[in-house]
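Residue-level structural notes
The residues making up each chain are set out below.
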Amino acid sequence: MESIADFAGNYQTRPGVARAWMRTFPSLVFYSRLVYSVIRYSRLAQRQQYDIAAWRESSLGVLHTLEQTGVQINIEGLDNLKKFDGPCVFVANHMSTLETLVLPGIIHPAKNATFVVKRGVVEYPVFKHLILSRDPIVVDRVNPRADLEMVLTQGPKSIAGGQSIIVFPQTTRRLDFDPKLFNTIGLKLARRAGVPVVPIALRTDAWGVGKLIKEFGRIDPAKPVHIAFGEAIDPGARGNASHQTVIEFIQSKLEGWQTAID
């Protein structure tokens, strides 16, 4: 499976990738394939065979299945992943389940990465075996101070081992972006570990939020997916200016994509 991270700067879904029969029932087709994939790779994880290569393969499989249902994927700034050596902290807005599943495949092999995740994610039946095999940092989202302590304790250890960390500073998935709800936990981790921050702007509402189960929302091929990686940022001694730089990058991308639609 081709490496998206090796594309020169940008990636776009190629014409002709979508399948007409899959476009007719995008949600049904996508989720049936997703469930099959989760079960298959979960079995590998339980046998300690779900390695970095398998994670990348499963992640890109989700992305390419979305493309086959008619979802247009647009990724920019891939060259920013190669402008520095070593791990980093990725800081992104959080719009849907899509980014949780596809970001590892996009980032690898430029960077090996794991997530800061809420405890509920590692308690999902079957899926928990996949995420736990990638050594995530697990927070409870009950006590912000305790979560920060966990991230600042476990994060630098993972980074020292060469693993980048993906952080969603918002407390939950949101279709809008409110800077007041976007905390500085990612910048604090980067500062503690002595690594740069790479902002990621995401528009991923093609994967809707489900009414009964949030993760199983409607797949809407009419909505393009946009993912943009910014340039690496020095978290700085205090981080206030760096935090504003991250926010401005995400806001400008989201506004630009909305303007293109309007």
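Our structure's up above, just so we're on the same page.
So, here's what we can say about the structure. For clarity, every value in this text was computed on a predicted model and none was experimentally measured.

Reading guide: rules and limits
- Residues numbered from 1 in each chain as written.
- Predicted model: local features only at pLDDT ≥ 70, side-chain atom pairs only at ≥ 80, totals over all residues.
- Heavy atoms only, no water.
- Helix = DSSP H or I, 4+ residues; strand = E, 2+ residues; numbered from the N terminus.
- Buried < 20%, exposed > 50% of the residue type's maximum accessible area, 1.4 Å probe, protein only.
- Contact = heavy atoms within 4.5 Å.
- Salt bridge = Lys/Arg side-chain N within 4 Å of Asp/Glu carboxyl O.
- Patch = residues over 30% accessible without salt bridge, like charges linked within 9 Å, V, L, I, M, F, W, Y side chains within 5 Å.
- Areas by Shrake-Rupley, 256 points an atom, 1.4 Å probe, with all protein chains shown as cover.
- Phe/Tyr/Trp six-rings, centres within 6.5 Å; stacked < 30°, edge-to-face > 60°.
- Lys NZ or Arg CZ within 6 Å of the ring centre and 35° of its normal.
- Axes fitted to C-alpha atoms, helices over the stretch in contact; angles between N-to-C directions.
- Parallel < 35°, antiparallel > 145°, perpendicular 65-115°, else oblique.
- Nonpolar A, V, L, I, M, F, W, Y, C, P; charged D, E, K, R; others polar.
- Core = buried A, V, L, I, M, F, W, Y, C linked by side-chain atoms within 4.5 Å.
- Pairing = 2+ DSSP bridges.

1. As for the environment of Arg141
Secondary-structure assignment places Arg141 in the loop between β5 (137-139) and α6 (144-160). In this structure Arg141 comes out as partly exposed when scored by relative accessible area, which is 36%. Distance from Arg141 to Lys118, taken between C-alpha atoms, is 6.4 Å for residues 23 residues apart in sequence. The contact partners of Arg141, leaving out residues within four places of it in the chain, are Lys118, Asp147, Phe168, Gln170 and Thr171.

2. Let's talk about the pattern of salt bridges
Evaluated as defined, the whole model comprises eight salt bridges. Linking Arg119 and Asp140 is a salt bridge whose minimum nitrogen-to-oxygen distance equals 2.5 Å. Of the two residues, Arg119 sits in the loop between β4 (113-118) and α5 (127-132) while Asp140 sits in the loop between β5 and α6, which places them 21 residues apart along the sequence. The partly exposed category is assigned to Arg119, whose relative accessible area is 35%. Among the residues examined, Asp140 registers a relative accessible area of 41% and is labelled partly exposed. Measuring nitrogen to oxygen at the nearest pair gives 3.5 Å for the salt bridge that ties Arg218 to Asp220. Relative accessible area serves as the criterion here: at 12%, Asp220 is assigned to the buried category.

3. Let's talk about a nonpolar patch on the surface
On the surface, Val35, Ile39, Val126, Leu212, Ile213 and Phe216 cluster together into a nonpolar patch covering about 570 Å² of accessible area. Tracing the backbone shows Phe216 in the loop between β7 (197-203) and β8 (225-229).

4. Quick notes on the packing of aromatic side chains
For the structure shown, the criterion picks out ten aromatic pairs. A centroid spacing of 5.0 Å and a plane angle of 80° characterise the contact between Phe30 and Trp207, whose relative ring orientation is edge-to-face. Of the two residues, Phe30 sits in helix α2 (residues 26-46) while Trp207 sits in the loop between β7 and β8, which places them 177 residues apart along the sequence. The residues Phe30 and Trp207 share a single accessibility class, namely buried. Ring centres of Phe90 and Phe229 lie 6.3 Å apart, and the angle between their planes is 75°; on these two criteria the pair is classed as edge-to-face. With Phe90 in strand β3 (residues 89-92) and Phe229 in strand β8, the pair connects residues that are 139 residues apart, well separated along the chain. For Phe90, a relative accessible area of 0% translates into the label buried. Given the relative accessible area of 3%, Phe229 is considered buried. Put simply, the rings of Phe30, Tyr31, Trp207 and Phe216 pair up and form one aromatic cluster. Above the face of the Phe84 ring, Lys111 is positioned so that its terminal group lies 3.9 Å from the ring centre.

5. With respect to the packing of α2 against helix α3 (residues 52-68)
Taken N-terminus to C-terminus, the directions of α2 and α3 make an angle of 175°; their axes are 10 Å apart at the nearest point. As the angle between them shows, α2 and α3 are arranged roughly antiparallel. Residues Phe30, Arg33, Leu34, Arg40 and Tyr41 of α2 pack against Ala54, Glu57, Ser58, Val62, Thr65, Leu66 and Gln68 of α3. Grouping the amino acids of the contact of α2 with α3 by side-chain chemistry returns six nonpolar, three polar and three charged.

6. Examining the nonpolar core
Ile75, Phe90, Leu103, Ile106, Trp207, Ile227 and Phe229 are the most contacted members of the largest nonpolar core, which totals 51 residues. Among the elements that take part in this core, α2 stands out by supplying seven residues, more than any other. Setting aside chain neighbours within four positions, we find Trp207 in contact with Phe30, Tyr31, Leu34, Val62, Ser96, Thr97, Leu98, Leu101, Glu215, Gly217, Arg218 and Ile219. Grouped together as the second largest cluster of nonpolar side chains are 28 residues, Val91, Leu187, Val246 and Ile250 included.

7. Some details on the pairing of β7
Look at any regular strand and the pattern is simple: side chains alternate between the two faces of the sheet. Of all the seven residues making up β7, seven are buried; the element is thus mostly covered by neighbouring parts of the structure. Going residue by residue along β7, you find Val197, Pro199, Ala201 and Arg203 tucked away on one face and Val198, Ile200 and Leu202 tucked away on the opposite face as well. Sheet topology places β7 next to β8; four bridges connect them, and they run antiparallel. Each residue of the ladder has a partner; that of Leu202, found in β8, is Ile227.

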